[in-house]
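Listed below are the residues making up each chain.
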Amino acid sequence: MASKAMNRDKFFLAVRNDPVLFGGSMAQSAVDNINLFIDEFERRSLPLLTWLAAMLATTLGEVGRAFNPVREGFRQTDAEAQAYVKRNYPHYAQVYNGLMYYGRGFVQLTWLANYQKFRAEIIARFGVDIVAVPDAVLRPDIAIYILFEGMIRGVFTGKKLADYFTATITNWYFRPIINGMDKAAYHANMAQRFNAAAVASLEDAPKPPKDVVNNVTSRERNAAKGGGVGGAGTAAADGGSFDWVAVSIFVGFVVLIVVALYLAYRKRKWFAEQWSRL
């Protein structure tokens, strides 16, 4: 299926209008960087659109709708990111020669050992030493390379895309490639949405597929706006969001309790009045 050409106008129309993925509008950075993802996917002649969908879903979960490579906690400077990591994740806040290997890029590459895994090939391909200059992982081309290689080869956890997606197997719970089962259902949902848009964009697709999920909660919609817990690292903690259906049910339950207590009080008062008349 991936060998067929994608119509990018159709693809972007679908993902832009998906109520969970982008909710009707996309930042120019998202358009630009997703185009780079598709360029890389096509350059490599990868076999399945599900691979592209999984990588896009991973990125959305890690860095949010802007689709820009980020530092840990979405901090703007290295100093801010180091302070954030020391405060929140001291177990990997070690400093080596003044450098800290916190989460960076699209996949939030974390730990010195993981930077070292990619060091030689990044030098060979891009002429940059990411161990000496870890902020180079914020370059979109380098960030995309690390994401693709890491998920295709299983560099991050030993799990790879081919373990979850083949010509005969489709397992949307692919999150262990990055970070165990952390937010696995969220990433599965996002990947299915990206995949639906990709399939609908194929030049010979007969018609767009049905919505992946018909019931969209505000929690899903808001979760897609920001980054989630990082894959190779942590971009930002998910503070959650309001689900107004759940809130309405809770409020209704509280009202019923209040009414029941009031009626019980009135009934007790009535009995007391009757008793006093005897």
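Note that residues are indexed from 1 along each chain, following the sequence as it is written. Totals for whole chains, interfaces and linings use every residue, but because this is a predicted model, local features are given only for residues with pLDDT of at least 70 and side-chain atom pairs only at 80 or more, for both listing and counting. Each side-chain value is worked out from all heavy atoms of the structure, with water and hydrogens disregarded.

(A) Quick look at the overall build of the protein chain. Helix and strand definitions follow DSSP, with helices as H or I runs of at least four residues and strands as E runs of at least two, each counted in order from the N terminus. When its secondary structure is counted, the protein chain shows 10 helices and 4 strands. Helices and strands in the protein chain line up, N terminus first, as α-α-α-β-α-β-β-β-α-α-α-α-α-α. Three exposure classes are used, based on accessible area relative to the maximum for each residue type with a 1.4 Å probe and protein chains only: buried under 20%, partly exposed in between, and exposed over 50%. Expressed as a percentage of its 278 residues, the buried residues of the protein chain come to 47%. Residues count as neighbours in contact if any of their non-hydrogen atoms are within 4.5 Å of one another. Long-range contacts, defined here as pairs at least 24 residues apart, represent 61% of the contacts in the protein chain between residues at least 6 apart. Using a 1.4 Å probe, accessible areas were evaluated by the Shrake-Rupley method; residue-level cover was limited to the displayed protein chains. Within the structure as shown, the protein chain displays about 14100 Å² of accessible surface, and the carbon and sulfur contribution to it stands at 58%.

(B) Representation of the pattern of salt bridges in the model. Within this document, salt bridges are pairs made up of a side-chain nitrogen of Lys or Arg and a carboxyl oxygen of Asp or Glu, the two lying within 4 Å of each other. All told, the structure shown has 16 salt bridges when counted by the stated rule. Between Arg 44 and Glu 149 there is a salt bridge whose closest N-O contact spans 2.7 Å. Placement of Arg 44 in the loop between α2 (28-43) and α3 (49-63) and of Glu 149 in helix α6 (residues 140-153) is noted, with a sequence separation of 105 residues between them. A relative accessible area of 21% means that Arg 44 is categorised as partly exposed. Judged by its relative accessible area of 11%, Glu 149 falls in the buried class. Taking the shortest distance from any N to any O, the salt bridge between Asp 182 and Arg 175 comes out at 3.5 Å. A relative accessible area of 1% places Arg 175 in the buried class. Each of Glu 40, Arg 43, Arg 44, Glu 121, Glu 149 and Arg 153 takes part in one network of salt bridges that share partners.

(C) Broad picture of the side chain of Glu 121. On the secondary structure map, Glu 121 appears in helix α5 (residues 112-126). Judged by its relative accessible area of 18%, Glu 121 is buried.

(D) Summary view of the nonpolar core. Core analysis: the largest hydrophobic core is formed by 67 residues, its most contacted members being Phe 11, Ile 146 and Phe 194. Elements with a contribution of two residues or more to this core: α1 (8-17), α2, α3, α5, α6, α7 (176-179) and α8 (184-201). Among the elements that take part in this core, α3 stands out by supplying 10 residues, more than any other. When sequence neighbours within four positions are dropped, the list of residues in contact with Phe 11 reads Met 6, Ile 34, Ile 38, Leu 56, Phe 194, Ala 197, Ala 198 and Ser 201. Grouped together as the second largest cluster of nonpolar side chains are 8 residues, Tyr 84, Val 85, Tyr 89 and Tyr 102 included. Among buried residues, the Ala, Val, Leu, Ile, Met, Phe, Trp, Tyr and Cys ones that are joined through side-chain atoms within 4.5 Å form a nonpolar core.

(E) Seen up close, α3. How far a helix is expected to stretch is found by multiplying one less than its residue total by 1.5 Å. Helix length check: α3 (15 residues) gives 21 Å between terminal C-alpha atoms against 21 Å at 1.5 Å per residue, within 8%. Within α3, 15 of the 15 residues are buried, which leaves it mostly tucked inside the rest of the structure. Looking one or two residues past α3, Gly 64 carries a phi angle of roughly 85°, positive in sign.

(F) Quick peek at the packing of aromatic side chains. Aromatic rings from Phe, Tyr and Trp, with only the six-membered ring used for Trp, were paired whenever their centres fell within 6.5 Å, and each pair was classed as stacked if the ring planes differed by under 30 degrees, edge-to-face if by over 60, and tilted otherwise. Tallying each qualifying case throughout the model produces 14 aromatic pairs. Centroid distance Phe 22 to Phe 67: 6.3 Å. Interplanar angle 45°. Geometry classified as tilted. Taken together, the residues Phe 22 in the loop between α1 and α2 and Phe 67 in the loop between α3 and β1 (70-71) connect sequence positions 45 residues apart. Residue class for Phe 67 comes out buried when judged on its relative accessible area of 0%. On the basis of an interplanar angle of 75° and a centroid distance of 5.9 Å, the ring pair of Phe 37 and Phe 67 is categorised as edge-to-face. One end of the pair, Phe 37, is in helix α2; the other, Phe 67, is in the loop between α3 and β1, and 30 residues separate them in sequence. Summarising the burial analysis for this pair, Phe 37 and Phe 67 share the class buried. Site record: aromatic cluster; members linked through ring pairs are Phe 22, Phe 37, Phe 67, Phe 106 and Phe 148. Over the ring of Tyr 102 we find Arg 104, and its NZ or CZ is 3.7 Å from the ring centre. A ring is scored as having a charge over it whenever the NZ atom of a lysine or the CZ atom of an arginine sits within 6 Å of its centre and within 35 degrees of its normal.

(G) Geometry of the environment of Tyr 173. Examined against the element boundaries, Tyr 173 turns out to sit in the loop between α6 and α7. Linking Tyr 173 and Ala 184, residues 11 residues apart in sequence, is a C-alpha distance of 5.9 Å. Ignoring sequence-local partners within four residues, the contact set of Tyr 173 consists of Tyr 164, Met 181, Ala 184, Ala 185 and Ala 188.

(H) Highlighting the confidence of the model for the protein chain. Scored from 0 to 100, pLDDT records how confident the predictor is in each individual residue. Here the protein chain shows a mean pLDDT of 84. Residues at 70 or above account for 78%. Note that pLDDT drops below 50 for residues 227-231; the model gives that stretch 32 contacts with residues more than four away or on any other chain.

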